Structure formats: structure tokens, C-alpha cells
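# Structural features, examined
This is what each chain is made of:
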Amino acid sequence: MYRRSLALLLSLTLLLAGWTAVTAETGQRKAYLVEINGPIGPATADYFTRSLDKAETQGAALLIIRMDTPGGLDTAMRDIVKRIIAAQIPVITYVAPGGSRAASAGTYILYASHLAVMAPATNLGAATPVNLGGMPKQPQGDAPDEQQDQPPDQRAREKAPMPTDAKERKVVNDAAAYIRSLAKLRGRNAAWGEEAVRDGASLSAAEALELGVIDFIAADLDRLLQQLHGRQVQLPLGPQTLTSDDLAIEVIEPDWQSQLLSIISKPTLAYILMLVGIYGLIYEFANPGSVVPGTAGAICLLLALYAFQVLPVNYAGMALILLGLALMVGEAFVPSFGTLGIGG
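Keep in mind the model is a prediction, meaning the values are calculated, not measured.

## Overview of the nonpolar core
Counting 52 residues, the largest nonpolar core has F48, I65, Y108, I109 and L124 as its most contacted members. With seven residues, helix α6 (residues 166-186) is the single largest residue contributor to this core. If near-sequence neighbours (up to four positions away) are discounted, F48 is found in contact with V34, L63, I65, I80, R83, I84 and V91. Counting 21 residues, the second largest nonpolar core, distinct from the first, contains F216, L221, L224 and L235.

This is how it looks when you write it as C-alpha cells:
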């Protein structure tokens, strides 16, 4: 009886081990999906970097970026692009659903991806660098008709009005060279990419496919996976042929940290935080002892510096901790009726 029970237990253990091995083997064929919606900022770059790290660690077959963005900060965009170029698995950027866009910074990310895909009724482009203070001043005037007979790359340089000062010219030229290098890396249309930078040009999905800016159009994720099968991409370790017929898509949801930082990083809120911070400190210096304006101003200014990517998240967090400690210590020596303590 004892031997029979032992044999039964051993059989069940072997069956369970075999089922677990099969499950683990089938579970390895995954495609991770991340969502980039809204402006691209430091929180977006952090969320994408951690998601790609997880996908590589878990042995995912590929990572899909489903994008709908009006653009964002240049530094955050370049962080994402550098991580895509160094990725050990294919990264596919998918502008979706219909009505979405990959404008400004999104265009650079699309160009840098191993495969660029758009859904019907989407668009990309308008990648001219813009200062945080607004659009650069440009002289008025239309391009001459003779430019229509010129090559697209030369027409892109001459059609767009040149920026008025050396700083703006340097920024635009740098961005144009950057998108040209990404286009050559992925075999995309470099001439149109430069036109998007210099002239703010935009394209619909169908036009982008016709001009060789994207690889194909897919209405949904199922059709996307079907069209990925058999395509070859170039990774740092060499070329890789995609097999996507048995992939299961798993969404990587942003955690509370990413969601909170993305709210702070929204341009409108970042501007408000900057204004509150500056004027709060000005009012505090003009009226010493007010306490509330200075406390709120210091906190808002640090948050704004992070939102504009002047301070990295670690430095901003350390500065907030030190400020909090200073405010709580000040509460013990200054009669602020709890204002310093609450701020701390």
C-alpha cells in the first residue's frame, strides 16, 4: 500500500512537472505592449525604459509601442530612441487607433523603431523643433515655383524658411541630421524626414506607406501580428526573422509611480507649477514671514524642474526630501501654525 501510494505520488509529480514545462515553453512566446498616449516627457521615457528592460528579461519575442502623441521634450524623446537602438529584441511602433498621431517627437521614435506601422486614419510629421516659449520666428514668403523640379531633399532645405538666428538654425540643423541618421539606420525615407523637420510636413498613413516612411498599415493588433510574420529586422547581435503566428500580447500597465509622474510632466501643469513656484518665492522674498507662498513655491518649483527635465527624478526626489526635512525642522522653531509641517 505504501509503495503504491509512493508510485502514484511520483507519477503525479512527473505529470505536474511536464505540464509546467509545457506551460513555460508556450508562455515564452509573448509580445509585450506599452501605451504612449499624450505628451512625451521624463515619465514616459522612464516607463518605456523599464518596460523594455522587463521584456528583454522575460525573453519576450518583441515589444509593441501603441502611440498617440502630439510630441514632447527632446531629451525624453532621445532617451527613448537610444534605448530602442540598443534593444536586444525588436521594437515595433504602432500609431493607433484610428484618429491617432505620431507628431513631432513621435515621428523620431517611429523612424527609430525596427518596424513602423500605422492604423488607417492616422498621421505623423510636424517634427520641427519648437522652443518651450512658442514657435520660432520665421520670415514670410512662399517658395519659388522652380523648386518643384528639384530633388525632394534639396527642396526640403530650400522650401522651408530659415530660422532667424543662429541658435534656431543650430537646433533645426541638428534635428534634421538626427532624423536623417535614423532614416538611414532603418532604411526609411530620409528626404521626407528632413522635410518634416525643416518644413513641418505631415503625412497620412496611406501617404507614409507610399513614400516609404512606414513598413505597412494594420487596422488592429491581430492584423499587425499577421503582417509581422516573416519580416526581417536588424538587431545589435545581427539580423532576426520574426515569427509572430503564435504570439500572445501582454500589456505592461504603467504603475502608480509612472502615472503620478506623467501627470506632473504634462506641459500645461508644468507651466502652472513653474509660475506658482517663481511667484511664490518672489512674494515670500518681498514679504518675509508669509511662509505659505514660500513653502508652496519651493515645492512647485522643484516639481516643475523635474517636469521640464532640468532635474532627473532622483535629484528632484532628493531635493524634495531635503526640503521636507528643512521645513519640518523649521516648524519647530518658527510659529507657522502648521504650514511648514504640512509642507514638509
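## Looking at the environment of Q309
Inspection of the secondary structure assignment puts Q309 in the loop between α12 (292-307) and α13 (313-333). Taking the C-alpha atoms as reference points, Q309 and L73, separated by 236 residues in sequence, lie 8.1 Å from one another. Once residues within four sequence positions are removed from consideration, Q309 is found in contact with P42, L73, T75, A76 and D79.

## Brief notes about the side chain of S258
For S258, the position within the fold is in helix α10 (residues 256-265). Of note is the side chain of S258, whose polar atom sits 2.6 Å from the side chain of R50.

## Considering the packing of aromatic side chains
The geometry of an aromatic ring pair is captured by two quantities: the separation of the ring centres and the angle between the planes. Within this structure, the stated rule accounts for two aromatic pairs. Taking 5.5 Å as the distance between ring centres and 65° as the angle between the ring planes, the aromatic pair formed by Y271 and F308 counts as edge-to-face. Placement of the pair is Y271 in helix α11 (residues 267-286) and F308 in the loop between α12 and α13, with a sequence separation of 37 residues. Judged by its relative accessible area of 34%, Y271 is partly exposed. The side chain of R78 reaches across the aromatic face of Y178, ending 4.0 Å from its centre.

## Some words on the pairing of strand β5 (residues 115-118)
Along any regular strand the residues' side chains alternate between the sheet's two faces. Residues L115 and V117 of β5 are buried on one face, and the alternating residues A116 and M118, pointing to the opposite face, are buried as well. In this structure, strand β3 (residues 91-95) lies alongside β5, joined through four bridges in parallel fashion. The residue of β5 that forms the bridge with Y94 is V117. Across two bridges, the pairing between β5 and strand β8 (residues 216-217) is parallel. Bridging across to β8, M118 finds its partner in I217.

## Concerning a nonpolar patch on the surface
On the surface, M318, I321, L322, L325 and M328 cluster together into a nonpolar patch covering about 490 Å² of accessible area. Along the chain, M318 falls in helix α13. Take M318: its relative accessible area is 46%, and that puts it in the partly exposed class.

## As for α13
If you check α13, its first and last C-alpha atoms are 31 Å apart, about what 21 residues at 1.5 Å a residue would give, namely 30 Å. Those residues of α13 that fall on the buried side of the exposure criterion are A316, L323, G324, L327 and G330. Buried residues of α13 fall within an arc of 130° about the axis and therefore sit on the same side. Exposed residues pointing more than 90 degrees away from the buried face of α13 are listed as N314, Y315, I321, L322, A332 and F333. For α13, the elements touching its buried residues are α12 and α14 (339-343).

## A closer look at the environment of T57
Summarising the element assignment, T57 is placed in helix α2 (residues 42-57). Measuring from C-alpha to C-alpha, the distance between T57 and Q88 comes to 10.0 Å, with 31 residues separating the pair along the chain.

## What to know about the packing of α2 against helix α3 (residues 74-85)
Running from N to C, α2 and α3 point in directions that differ by 15°, and their axes come no closer than 8 Å. Classified by the angle their axes make, α2 and α3 are roughly parallel. Here α2 and α3 pass one another in a crossing that is left-handed. Judged by residue contacts, P42, T44, A45, F48, T49, L52, D53 and E56 of α2 engage A76, D79, I80, R83 and I84 from α3. Along the lines of polarity and charge, the residues of the contact of α2 with α3 split into seven nonpolar, two polar and four charged.

## Things to note about the sheet that holds strand β7 (residues 202-204)
Read from one edge of the open sheet, three strands run β4-β6-β7, paired in mixed fashion. The strands lining the two open edges of the sheet, one partner per strand, are β4 (101-103) and β7. When the angles between neighbouring strand axes are averaged without regard to direction, this sheet yields 15°. With three bridges connecting them, strand β6 (residues 123-125) and β7 associate as antiparallel partners. Bridge pairing in β7 places L124 opposite L203.

The rules we used
- Residues numbered from 1 in each chain as written.
- Predicted model: local features only at pLDDT ≥ 70, side-chain atom pairs only at ≥ 80, totals over all residues.
- Heavy atoms only, no water.
- Core = buried A, V, L, I, M, F, W, Y, C linked by side-chain atoms within 4.5 Å.
- Buried < 20%, exposed > 50% of the residue type's maximum accessible area, 1.4 Å probe, protein only.
- Helix = DSSP H or I, 4+ residues; strand = E, 2+ residues; numbered from the N terminus.
- Contact = heavy atoms within 4.5 Å.
- Polar contact = N/O pair within 3.5 Å; in protein donor to acceptor, adjacent residues only side chain to side chain.
- Phe/Tyr/Trp six-rings, centres within 6.5 Å; stacked < 30°, edge-to-face > 60°.
- Lys NZ or Arg CZ within 6 Å of the ring centre and 35° of its normal.
- Pairing = 2+ DSSP bridges.
- Patch = residues over 30% accessible without salt bridge, like charges linked within 9 Å, V, L, I, M, F, W, Y side chains within 5 Å.
- Areas by Shrake-Rupley, 256 points an atom, 1.4 Å probe, with all protein chains shown as cover.
- Salt bridge = Lys/Arg side-chain N within 4 Å of Asp/Glu carboxyl O.
- Expected span 1.5 Å × (residues − 1).
- Arc of directions from axis to C-beta.
- Axes fitted to C-alpha atoms, helices over the stretch in contact; angles between N-to-C directions.
- Parallel < 35°, antiparallel > 145°, perpendicular 65-115°, else oblique.
- Left-handed = near helix turned anticlockwise from the far one by under 90°.
- Nonpolar A, V, L, I, M, F, W, Y, C, P; charged D, E, K, R; others polar.

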